[in-house]
Amino acid sequence: MKIVDGVNATLTTDFRTAYAIRKIGLPIIICLGSVGNILSIVVFRQKSMRLSTSCYQLRMLAFADLFVLYASVLPRFVCYSLDTDIHEISDVTCKTANFLTYASVPASAWILTTVATERVVSIWRPLKAKSICTLRNGKLLVFFIVLASIGLNSVVPISLTLTATGCRPKASWTQFWVYFNVIDMAACSGVPVALLSICNVLIAFKLVRSENYRQKSLYAAHAKSIHVINNVKTSVNRSVGVMLVATSIVFLVLTSPIVVLNIVASGWKYSADVRYKGHVTLLYSVFELLTYSNNAINFFLYCITGARFRLELKRYLASRCRCCHNRGSLSPAATSTYLAGQCPATDGFRCDRDIVAVSTIAVSYHIDHTSF
């Protein structure tokens, strides 16, 4: 009897800890992710960045991360805070909410994988990249990723139904879901993790090699203008590569634990020792928050590792502050211009776009489509 009481106490402690972790962690992830991803979208839409293939794909990644936060994280937060499971309100919400959750997560992972693949091609085959890694092809890739995510998970609303025990697979689809969960895990984490690992190795190797070559080239440079332009382009490309490697590594670190846990725990559920149930629940709560935090922290990684991203963010924030400062002293005509989405001109510049003059060097790396 003492053993049973001890087991029950352990289970109760594990479940309470898991509940507290989710209740505290989920709203933090939602708030940080919402602000960060919206700012990322705004920065990547700036005039000097919107024509870049990488910028477009990272902007779509921010949209996908937002979708994950509101389609998957928010319903869980509502469940733990208000004790109301959106999936169990009706049969329609059971099908719709689960479909949005299953479709959003792989789209985010594969868009990041696409960005890494595009960067590998740009670094290793720069001449072919000009014809392969175009903005049109980038848009098509994102479109096919979204289409594939929808198609792969189209069986979710068909196979699920609301029962007395909750939102569950239909009796005729029970065995199918055993295999579908494995496929979903591979699509969301397994395959992207493997591909990103390979891409990171290739990018890191090329970055180190390019840096060594650049240091040697500096001594051989004779023309100062050529030296400056090449140095700027190399540093920009290197900044993009470092930023992408950092984002990919964080993805690997944050999503791999839950993949390993799902594989290991698949054997535990048949164990006679009920203590494993509490342990798995607690571990799953921690690893789940790590996985969802990956959809919320990319903006902060961009700020830390992306020099050009920081520059564009400062320009945007400066323009917004200047606009807000000038708004109180506007004439009626200028006020209507502001409300129409344009800031009144100040000193010959439009403060929302041209408050900071673009230098010749900035224009030079804007023309290069491989520059981020």
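Before reading further, recall that the structure is shown in the block above.
Residues numbered from 1 in each chain as written. Predicted model: local features only at pLDDT ≥ 70, side-chain atom pairs only at ≥ 80, totals over all residues. Heavy atoms only, no water.

According to the stated counting rule, one finds one disulfide in the structure shown. Between the sulfur atoms of C94 and its disulfide partner C167 the distance amounts to 1.8 Å. On the S-S bond that ties C94 to C167, the torsion sits near 70°, and the link is right-handed. Taken as a pair, C94 in helix 3 (residues 91-124) and C167 in strand 2 (residues 166-169) lie far apart in primary sequence, 73 residues in all. The class of C167 is buried, set by a relative accessible area of 13%. (Disulfide = S-S within 2.5 Å. Helix = DSSP H or I, 4+ residues; strand = E, 2+ residues; numbered from the N terminus. Buried < 20%, exposed > 50% of the residue type's maximum accessible area, 1.4 Å probe, protein only.)

An ideal rise of 1.5 Å per residue puts 44 Å on 30 residues; helix 2 (residues 53-82) measures up with 42 Å between its terminal C-alpha atoms. V73 marks where helix 2 bends most, by close to 35°; the proline P75 follows one to four residues later. The backbone nitrogen of S54 lies 3.4 Å from a side-chain oxygen of the residue at the head of helix 2, namely S52. Remark: D83 follows helix 2 within two positions and exhibits a positive phi of approximately 55°. (Expected span 1.5 Å × (residues − 1). Bend = angle between axes of the 7 residues up to and from the residue. Polar contact = N/O pair within 3.5 Å; in protein donor to acceptor, adjacent residues only side chain to side chain.)

F44, L58, I111, I203, F251, Y302 and F309 are the most contacted members of the largest nonpolar core, which totals 34 residues. Of all the secondary-structure elements, those providing two or more residues to this core are helix 1 (2-44), helix 2, helix 3, helix 5 (135-152), helix 7 (174-220), helix 8 (224-268), helix 10 (298-305) and helix 11 (307-327). In terms of nonpolar packing, the next biggest core, distinct from the first, is built from 13 residues, I41, L69, V73 and A296 among them. (Core = buried A, V, L, I, M, F, W, Y, C linked by side-chain atoms within 4.5 Å.)

This brings us to the pairing of strand 1 (residues 160-163). Of the strand pairs in this sheet, strand 1 and strand 2 are connected by four bridges, and their pairing is antiparallel. Along strand 2, the bridge assignment pairs L160 with P169. Taking the residues between adjacent antiparallel strands as the criterion, strand 1 and strand 2 are bridged by two residues. (Pairing = 2+ DSSP bridges.)

Turning our eyes to something else, we now look at the packing of aromatic side chains. Scanning all chains against the criterion turns up 13 aromatic pairs. On the numbers, 5.3 Å between centres and 75° between planes, the contact of F299 with F300 is edge-to-face. In this structure F300 comes out as partly exposed when scored by relative accessible area, which is 35%. Members of the aromatic cluster, joined through ring pairs, are F44, F299, F300, Y302 and F309. Positioned over the ring face of Y56 is K139, at 5.6 Å from the centre of the ring. (Phe/Tyr/Trp six-rings, centres within 6.5 Å; stacked < 30°, edge-to-face > 60°. Lys NZ or Arg CZ within 6 Å of the ring centre and 35° of its normal.)

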